[in-house]
Structure formats: structure tokens, C-alpha cells
Protein chains: 2
Amino acid sequence: MATRQGFARSGGRPTLEEVAARAGVGRGTVSRVINGSPRVSDATREAVERAIAELGYVPNNAARALAANRTEAIALVIPEPGPRVFTEPYFAEIVRGVSAALADTSLQLLLTMAGSDRERRGLADYFGAHRVDGVLFVSLHADDPLPDLLDQLAIPTVVSGPRSADEPLASVDSDNAGGARLAVSHLLARGRTKIAAITGKLDVYGAQRRLAGYRETLADAGVGVDETLIEPGDFSEESGRLAMEALLARRPDLDAVFAASDVMAAGARQVLRESGRRIPEDVALIGYDDSPIARHLDPQLTSVRQPIAEMGRAMTEILLADIADPRPAAARRLDRPQLVLPSELMVRASS
Amino acid sequence: MATRQGFARSGGRPTLEEVAARAGVGRGTVSRVINGSPRVSDATREAVERAIAELGYVPNNAARALAANRTEAIALVIPEPGPRVFTEPYFAEIVRGVSAALADTSLQLLLTMAGSDRERRGLADYFGAHRVDGVLFVSLHADDPLPDLLDQLAIPTVVSGPRSADEPLASVDSDNAGGARLAVSHLLARGRTKIAAITGKLDVYGAQRRLAGYRETLADAGVGVDETLIEPGDFSEESGRLAMEALLARRPDLDAVFAASDVMAAGARQVLRESGRRIPEDVALIGYDDSPIARHLDPQLTSVRQPIAEMGRAMTEILLADIADPRPAAARRLDRPQLVLPSELMVRASS
DNA sequence: ATCGCCGATGGGAGCGCTCCCACGGTACCT
DNA sequence: AGGTACCGTGGGAGCGCTCCCATCGGCGAT
């Protein structure tokens with residue numbers, strides 16, 4: 001293998017200069033070939049490419065980064081919370097999407113889990129020191145100062161769920177309202193009319209949107225929204241249980257439940273069972289996220305699936321476009337995409 | 001905040017040189033302070049540190065890497081397989097452990113998902129080009145050429161599960177045999193004697209060890225190993241189903257099942273239910289991995305928990321120690337740790 | 001008082017690359 | 001023929017840091 005011979009012969013790694021010498025051209029020309037500049041004749045390009053192959057040359061990233069003041073790396077920041085948040089494969093799916101989008105570029109993915117405030121402070125310095133070309137944020141908290149700091153530093157940034165309806169940064173989201181609409185429409189189509197909702201934490205924008213979708217669908221269908229059928233949760237199983245108990249106490253006549261997460265649906269299911277109700281005969285149940293739990297619940301849980309990997313991919317593509325955009329930060333700031341990807345209803349036995 | 005002022009004033013980021021000027025010392029001295037060299041007087045060190053704080057100086061990684069021929073980064077390589085392998089939070093847990101171990105260092109974590117052969121070839125060049133100081137491998141395939149290549153290149157490497165009993169690279173593993181032993185002992189203690197095993201893919205070393213633990217425990221207890229009670233699976237739910245059917249056909253009298261993964265246990269559970277058997281009254285069931293599914297199965301599944309995050313942490317610590325080891329590669333190669341971390345049995349309703 | 005030694009320090013010489021200016025050559029115009 | 005535009009190209013000048021050698025004092029030993 002040519003590559004390996006290259007290593008062995010020189011002892012160290014071949015440099016640009018050596019490639020240039022071998023190809024009989026100057027450093028600048030080799031650099032142009034490597035960077036795909038059009039200002040190189042075909043013959044020269046070919047000669048350079050041959051020399052690169054023969055020597056097994058691979059550019060030194062550090063040198064490039066230093067000389068060009070780029071880093072060839074983007075960071076994925078995950079505000080790492082308690083140990084068990086990764087119970088759902090959300091994070092892994094995002095990473096999959098991101099790294100798929102990165103596959104044909106030469107960019108590196110830097111993973112940053114920053115739970116504590118101290119760590120986040122470090123990050124600010126870190127990003128400020130120009131150590132990444134762009135930053136991807138996953139599941140951002142509404143009160144996180146980091147994104148705004150990045151904005152000031154003019155570092156391209158994309159977040160994975162807008163923090164509000166007027167998110168200032170570029171963002172990618174799944175259609176939470178649409179997902180809820182799918183679920184509720186499906187229940188209506190099945191003849192259910194007393195459809196309860198267990199919401200997520202309502203300071204999370206996505207949870208608001210899911211609730212909004214629920215409301216809109218019922219209103220549009222002429223069924224009307226009954227506030228006694230709505231109970232807040234916080235995405236946890238325990239909160240699903242509690243919400244279900246409250247709902248049942250208030251509205252024992254309900255015939256369907258739309259929970260804003262599978263985990264809450266699992267809690268609700270337990271309470272429904274204990275109350276002697278059958279699923280879906282007496283009460284239909286729908287969750288959200290299409291997590292692995294959904295498929296293992298008994299009965300299998302109908303759930304709304306978000307295209308998580310696609311979201312990761314889309315975030316990355318938006319980020320890359322922003323990085324590549326030659327206009328000054330002020331101009332780029334003007335047209336920041338707010339992408340919303342459609343959700344899908346996975347119909348199973350529980351509805 | 002001093003840091004922010006620093007940015008604003010200079011327009012660009014402060015450099016070593018500026019810090020040196022401000023502290024009234026030479027570049028070399030500042031460099032020594034930053035790198036914690038002892039050959040600096042206390043007074044000077046203090047003056048330099050003050051200048052650093054005042055300017056909000058953060059070293060430029062690329063420049064350091066270039067000058068020192070280090071990279072300040074380690075790679076975590078995940079042989080990305082099909083879309084759905086991340087169904088279990090294994091990967092996320094490993095990342096948690098790794099990044100926890102990295103938290104007090106200044107090293108960066110580079111995430112590399114390399115599924116296709118083409119990507120892996122790229123990786124070889126990439127690592128060869130000295131772009132990382134060390135590499136962490138997760139769930140390595142037995143026939144992967146990459147680790148050996150890294151070994152030749154003398155790049156420190158740690159793998160997360162040895163590929164065989166005589167793994168040449170440093171490795172960290174959970175005690176698979178011990179985990180199986182816990183499970184089987186527990187079943188024996190509950191009075192079960194006809195304990196079946198559904199194994200994982202036996203070309204995976206961990207699966208072999210789990211089966212070995214099962215065998216040893218039965219042998220030690222004087223119960224004896226009955227080969228008709230052993231059926232191979234491949235870690236998938238479907239294979240769990242098939243294996244359970246085969247076992248039931250052959251040994252309808254079995255009173256317990258130890259499955260080498262929760263997912264297979266879920267498949268087995270379904271078949272047991274369909275056959276009219278009650279869990280755990282008629283047949284006790286134990287899984288492996290303590291995945292989220294375990295807690296959501298009905299009845300909740302007893303399962304063996306591996307300390308995954310701790311494994312990630314341990315891998316990283318071993319890697320860092322290897323990177324820091326000043327001895328030549330040949331010497332380092334001699335004492336490569338093979339760490340085995342204990343597993344734990346999470347007892348739930350199914351056993 | 002002189003010498004030698006050692007710890008503390010300054011700063012030159014790169015690390016491998018990109019950027020950019022300058023140069024020779026060709027093609028086309030007047 | 002002379003001029004003007006480019007195009008493709010070479011190579012100097014750094015990017016910000018670490019390494020390492022030279023230097024400078026101060027100290028105890030002689």
C-alpha cells in the first residue's frame with residue numbers, strides 16, 4: 001500500500017513541501033489542489049494528485065487551522081443533565097444524523113457535555129478562543145446564556161429546538177403541533193371524543209406546541225376543548241401516573257389519552273390498568289417520541305415519531321452553510337432558517 | 001468581566017506574546033507558566049497569571065498542536081452499524097463516562113462514527129496523520145483491522161471489550177461471566193433447577209463469557225449443565241422468540257430462562273406468555289444489560305447491569321496514562337491493562 | 001576575591017500550512 | 001507591433017505556539 005510505504009520511508013509524515021518537490025511544483029500549487037481551487041491546470045493537478053497518492057500525504061490539521069484561522073471542527077453541545085436522561089436514544093440519534101452530514105466533509109465532530117455551570121463557563125472561553133468553526137446545541141434550556149454569547153462572538157450556531165416562537169438563532173425542530181394533531185385526529189377518527197391530554201413541562205416550547213396541536217385539532221373538529229381533560233406533567237413516568245389519577249378522578253368518563261411522552265404514557269397506562277380499564281377498548285392511549293419503550297409496552301403503544309436523525313442532519317447542513325457563507329455576521333444574522341420537520345404517527349395496539 | 005473586555009479591546013484574541021508584554025516577561029516564561037513548568041519563580045508566575053486573567057487569554061490549540069506535535073484530542077470510534085443499534089443507551093453511557101474522565105483535562109473528545117469500510121479506511125489515514133493523541137474503541141468487531149494498524153503506528157489505544165481472551169490491546173470490560181453467575185445463582189437460590197440459557201452471538205467474546213458463567217455456576221452448584229437447555233440467539237428480539245420456541249419444544253418442563261440480553265428476554269417473554277406460562281410463577285426470566293426496556297416489561301424484568309459509564313471512564317483513564325507515559329512504544333506495549341469491572345444484578349418481578 | 005554552577009529567563013528557530021503578491025506567458029485587442 | 005488582461009504559478013511572510021540554547025545573576029566553594 002502506497003500510504004504505508006510513505007510512512008516507512010520518511011520516518012515522519014510527508015509535508016506539503018515534499019509533495020511539491022515530488023510533483024515538481026511550488027507549495028502554493030499543491031495547496032490549491034488540496035483545497036480544490038479552480039486556478040490549477042489539469043495537467044498540474046494530476047501530477048500533484050499523483051505525488052500525494054505516492055507519498056500518502058495527509059494534510060496536517062493543526063497547521064491548516066493555524067494558518068487559515070479555521071478549525072475544521074464543529075462542536076455538539078449537550079447540556080448533560082442527570083445520569084438517566086439518556087434513557088431515550090434521542091441523543092444518539094442526533095449524533096447519527098450529525099455525523100452522517102459530516103461524513104463527506106473533512107470536519108471533525110467535537111462532543112461537549114457540559115452539565116455544570118463551571119463547565120459551561122469554560123465552554124464560553126473555549127468557543128471564544130476560536131476552537132470550533134460552529135456550534136450545535138441540543139435540547140437547550142431557555143435560560144442558557146451560552147447561545148447568546150456565541151451570537152455576540154459571531155460564531156455560527158444552530159439549536160435543535162427553538163426556545164420560543166421567536167428563536168433568534170437558526171433552529172431545527174420537529175413539528176410538535178403537527179404531531180399532536182396526527183395523534184388527536186387519529187383518536188377522533190376512531191370515534192373517541194372525550195380525549196384527555198397529559199402535557200409536558202410547559203416552559204419547554206415543544207410541550208407548548210404539542211398542547212397547541214391538541215387544542216387546535218379538537219377545536220377544528222368541532223368537538224371543543226374541555227379544560228378538565230387537560231393535566232400537566234413533566235415528562236417523567238411518575239408525573240404520568242399522577243396526571244392520570246387526577247384525570248380519572250375528575251373525568252372518569254374519558255375515552256382516550258394523549259400523553260406528550262411515551263414515558264408519561266407508560267405511567268398513565270399503569271394507572272388505567274389499575275383502575276380496571278382496558279386499553280384500547282375502554283381508553284385509547286397515545287404517546288410521543290416513539291421510544292423503544294413504546295414497542296415493549298403491553299399493549300404496544302401508538303406514538304408520534306420525530307425524525308431525530310434527520311434533525312441532526314438538517315442542523316448540520318444549516319451550520320455548514322452558515323460557516324461557508326462569506327457575508328459578514330450582521331448580514332448572515334438576517335436570514336436564519338427555522339426549519340420544521342414533519343412528524344409521523346406510529347399506530348399500534350393501544351389506540 | 002475581564003474576559004469580555006479583553007476581547008473587545010484587542011479585536012482579535014490575545015496571544016502569548018501580548019501576555020508576555022503585559023507581564024513584562026518573555027514568551028518562554030509565559031509558556032512555562034501555562035504548561036505548569038516548575039522552573040519559574042513564584043513572583044513571575046503570579047505576574048503572568050495576572051496578565052492572563054486581565055487579558056482573558058486562552059491558548060490557541062492549533063498553534064500548540066502544531067508546535068508541540070501533539071493534538072490535545074482523543075477519538076472515540078464507534079463502528080456505526082444499522083440505524084437501530086442505538087436503541088440501547090450503551091453508547092450514550094460510554095460517552096458520559098469518557099467525557100466525565102476528560103472533564104478536568106484540556107483534551108477534546110472527537111466523535112467518529114465509522115460504519116462503512118470506506119470511512120474506516122479514511123480513519124486509518126486520519127489517525128496516521130497524527131490528528132489524535134489516542135483512540136478509544138467501542139464494541140469492536142473481531143475482524144476489524146483498525147486497532148492493529150493503530151498499534152503499528154504506536155498510537156495509544158484502548159478497546160471497550162476485549163475481542164478474545166488474549167486481547168493484545170489495553171481493554172476494559174464488564175465481568176460478563178460474573179454477571180451470568182449472579183443471574184444463575186439467583187435463580188438457583190429461588191429453587192429453580194431447569195434453567196435454560198438463550199445466548200448471544202457466540203463470536204462475540206462477551207457472549208461467550210456469559211455462557212461460560214452460566215455453565216460454571218450450574219456445574220459448581222452440582223446441578224450439571226444440560227445442553228438441551230442451551231439455545232443460541234443473536235441479541236435480537238426475534239432471535240429471543242425463536243430460541244424460546246425451540247427451548248419450549250425441546251424442554252417444556254424448564255422453570256427458568258437466562259437470556260443474554262434484555263431484548264432477547266423480551267422476545268422470550270412473549271413466547272412464554274403465548275404458551276400460557278406465567279412469569280415468574282411457572283418460569284422465571286432474567287435478562288442482561290438492564291436497559292430501559294427491562295423496567296417497562298410486564299412483569300418488570302430482572303436483569304444484569306453493567307457499569308457502562310464507569311467503563312467509559314476507566315478506558316479514558318487508561319488511555320490518558322498511556323499517552324502520558326514517556327517510555328517508548330515497545331516498553332509501553334508490555335504492560336497493557338486488562339480491566340474487568342464487576343456487574344450487578346437488578347432484581348425485579350420476573351424472577 | 002575568583003571561579004564554577006545552577007536556577008530563572010529571553011528569544012531565535014521552526015512546526016506545516018494558507019494567503020497573497022508578483023511574475024512570466026499566452027491570447028486577444030487596437 | 002505594442003498593449004492589455006488574464007491565467008497559472010512560485011514563494012515570502014506570517015499564524016501562535018513550544019523547544020531549546022544562550023544568557024544573566026547570585027551563590028557557595030576555594
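- The name that an unreviewed UniProt entry assigns to chain A is LacI family DNA-binding transcriptional regulator, with the source organism given as Streptomyces polyasparticus.

1. Notes on the relation of the copies chain B and chain A
- For the pair chain B and chain A, the relating rotation is 180°, the translation along its axis is 0.1 Å, and the fit reaches an RMSD of 0.2 Å. Those values place the two copies in the arrangement expected of a two-fold rotation axis.
- Comparing interface residues between copies, 100% of those in chain B also lie at the interface in chain A; the contact surface is shared.

2. Looking at unusual backbone geometry
All names here are of chain A.
- Along the chain, Ile 279 connects to Pro 280 via a cis peptide bond; the corresponding omega equals 5°.
- In this structure, Ala 154 is a non-glycine residue whose phi angle is positive, near 60°.
- Inspection of the secondary structure assignment puts Ala 154 in the loop between helix H8 (146-152) and strand E4 (157-159).

3. Let's talk about the UniProt feature "domain: HTH lacI-type" (unreviewed entry) in chain A
- Under the UniProt annotation, the feature "domain: HTH lacI-type" (unreviewed entry) is placed at residues 14-68 of chain A.
- The distance separating the terminal C-alpha atoms of residues 14-68 of chain A is 20 Å; by composition the span is 69% helix and 0% strand.

4. Some thoughts on the protein's contact with DNA strand D
- Residues in close proximity to DNA strand D total 27 residues, the closest being Arg27(A), Thr29(A), Thr44(A), Leu16(B) and Tyr57(B).
- Considering the 4 Å shell around the protein, atoms of DNA strand D inside it are sugar or phosphate in 60% of instances.
- Between DNA strand D and Leu16(B) there is a distance of 2.3 Å, counted from a phosphate oxygen to a backbone nitrogen or oxygen.
- Listing elements by their share of the surface near DNA strand D, those giving two or more residues are helix H3 (27-34) and helix H5 (61-68) of chain A together with helix H3 (27-34) and helix H5 (61-68) of chain B.
- Considering each element in turn, the surface near DNA strand D owes the most residues, five residues, to H5(B).
- Class assignment for the residues of the surface near DNA strand D results in eleven nonpolar, ten polar and six charged.

5. Here's the deal with the packing of helix H6 (residues 90-102) of chain A against helix H14 (residues 308-324) of chain A
Residue and element names in this part refer to chain A.
- Their axes nearest at 7 Å, the elements H6 and H14 cross at an angle of 45°. Classified by the angle between their axes, H6 and H14 sit oblique to one another. Every pair of crossing elements has a handedness; the one defined by H6 and H14 is right-handed. For the pair H6 and H14, contact is made by Tyr 90, Glu 93, Ile 94, Arg 96, Gly 97, Val 98, Ala 100, Ala 101 and Leu 102 and by Ile 308, Ala 309, Met 311, Gly 312, Arg 313, Met 315, Thr 316 and Leu 320, respectively.

6. Structural notes on the sheet that holds strand E12 (residues 344-346) of chain A
All names here are of chain A.
- Read across the sheet, six strands follow the order E7-E6-E8-E9-E10-E12 without closing on themselves; strand pairing throughout is mixed. Edge positions in the sheet fall to strand E7 (230-232) and E12, since each has one partner strand and no second. Ignoring which end each strand starts from, the neighbouring axes of this sheet average 20° apart.
- Pairing analysis gives three bridges linking strand E9 (residues 284-288) to strand E10 (residues 302-305), with the strands arranged parallel.

7. Let's talk about the pairing of E9(A)
Residues and elements named next belong to chain A.
- Burial of E9 is extensive: five of the five residues sit out of reach of the surface.
- Relative to E9, strand E8 (residues 256-259) runs parallel, the two sharing three bridges. The partner of Phe 258 across the bridge, within E9, is Ile 286.
- Where the polypeptide runs from E8 across helix H12 (residues 262-274) and back to E9, its parallel neighbour, the crossover connection is right-handed.

8. A short note on the nonpolar core
- Within the largest apolar cluster, 50 residues are counted, with the highest numbers of intra-cluster contacts made by Leu76(A) and Leu76(B).
- Sequence-distant contacts of Leu76(A), defined by excluding residues within four places in its chain, comprise Ile94(A), Val95(A), Leu109(A), Leu110(A), Leu111(A), Thr112(A), Leu136(A) and Val138(A).

9. Thoughts on the interface of chain B and chain A
- Contact residues are listed per partner, giving 47 residues for chain B and 47 residues for chain A.
- Taken together, the two surfaces of chain B and chain A that pack against each other cover about 4,300 Å², and 59% of this comes from carbon and sulfur.
- Seen at the junction of chain B and chain A, the total is two salt bridges.
- Our count for the contact surface shared by chain B and chain A stands at two residue pairs in polar contact (both at pLDDT 80 or more).
- Of the residues that constitute the side of chain B that touches chain A, the class distribution is 26 nonpolar, nine polar and twelve charged.
- The pairing of strand E2 (residues 108-113) of chain A with strand E2 (residues 108-113) of chain B spans two bridges and is antiparallel. The residue bridging Leu110(A) from the neighbouring strand is Leu110(B), located in E2(B).

10. Thoughts on the packing of aromatic side chains
- Taken as a whole, this structure holds three aromatic pairs over all chains when the rule is applied.
- Ring geometry for Phe91(A) against Phe91(B): centres 6.1 Å apart, planes inclined by 5°, an arrangement best described as stacked. Taken together, the residues span two chains, with Phe91(A) in helix H6 and Phe91(B) in helix H6 (residues 90-102). We note that Phe91(A), like Phe91(B), is buried.
- The aromatic ring of Tyr288(B) is capped on one face by Arg210(B), whose charged end is 3.7 Å from the ring centroid.

11. Brief notes about the protein's contact with DNA strand C
- By nearness alone, 27 residues border DNA strand C, and Leu16(A), Tyr57(A), Gly26(B), Arg27(B) and Thr44(B) come closest of all.
- Of everything in DNA strand C that lies within 4 Å of the protein, sugar and phosphate atoms constitute 60%.
- Between DNA strand C and the protein, one listed contact pairs a phosphate oxygen with a side-chain N or O atom of Asn35(A) at 3.1 Å.
- Between DNA strand C and the protein, one listed contact pairs a phosphate oxygen with a backbone N or O atom of Ser41(B) at 3.0 Å.
- Elements that contribute at least two residues to the surface near DNA strand C include exactly H3 and H5 of chain A together with H3 and H5 of chain B.
- Considering each element in turn, the surface near DNA strand C owes the most residues, five residues, to H5(A).
- Across the surface near DNA strand C, the residue classes tally to eleven nonpolar, ten polar and six charged.

Reading the values: the criteria
Residues numbered from 1 in each chain as written. Chains lettered and ligands numbered in written order. Predicted model: local features only at pLDDT ≥ 70, side-chain atom pairs only at ≥ 80, totals over all residues. Heavy atoms only, no water. Least-squares fit on C-alpha atoms with pLDDT ≥ 70 in both. Contact = heavy atoms within 4.5 Å. Helix = DSSP H or I, 4+ residues; strand = E, 2+ residues; numbered from the N terminus. UniProt positions renumbered as here; feature names shortened; annotations may be inferred. Near = heavy atom within 4 Å. Polar contact = N/O pair within 3.5 Å; in protein donor to acceptor, adjacent residues only side chain to side chain. Nonpolar A, V, L, I, M, F, W, Y, C, P; charged D, E, K, R; others polar. Axes fitted to C-alpha atoms, helices over the stretch in contact; angles between N-to-C directions. Parallel < 35°, antiparallel > 145°, perpendicular 65-115°, else oblique. Left-handed = near helix turned anticlockwise from the far one by under 90°. Pairing = 2+ DSSP bridges. Buried < 20%, exposed > 50% of the residue type's maximum accessible area, 1.4 Å probe, protein only. Right-handed = clockwise from strand over helix to strand, strands pointing away. Core = buried A, V, L, I, M, F, W, Y, C linked by side-chain atoms within 4.5 Å. Buried area = accessible area lost by both parts, 1.4 Å probe. Salt bridge = Lys/Arg side-chain N within 4 Å of Asp/Glu carboxyl O. Phe/Tyr/Trp six-rings, centres within 6.5 Å; stacked < 30°, edge-to-face > 60°. Lys NZ or Arg CZ within 6 Å of the ring centre and 35° of its normal.

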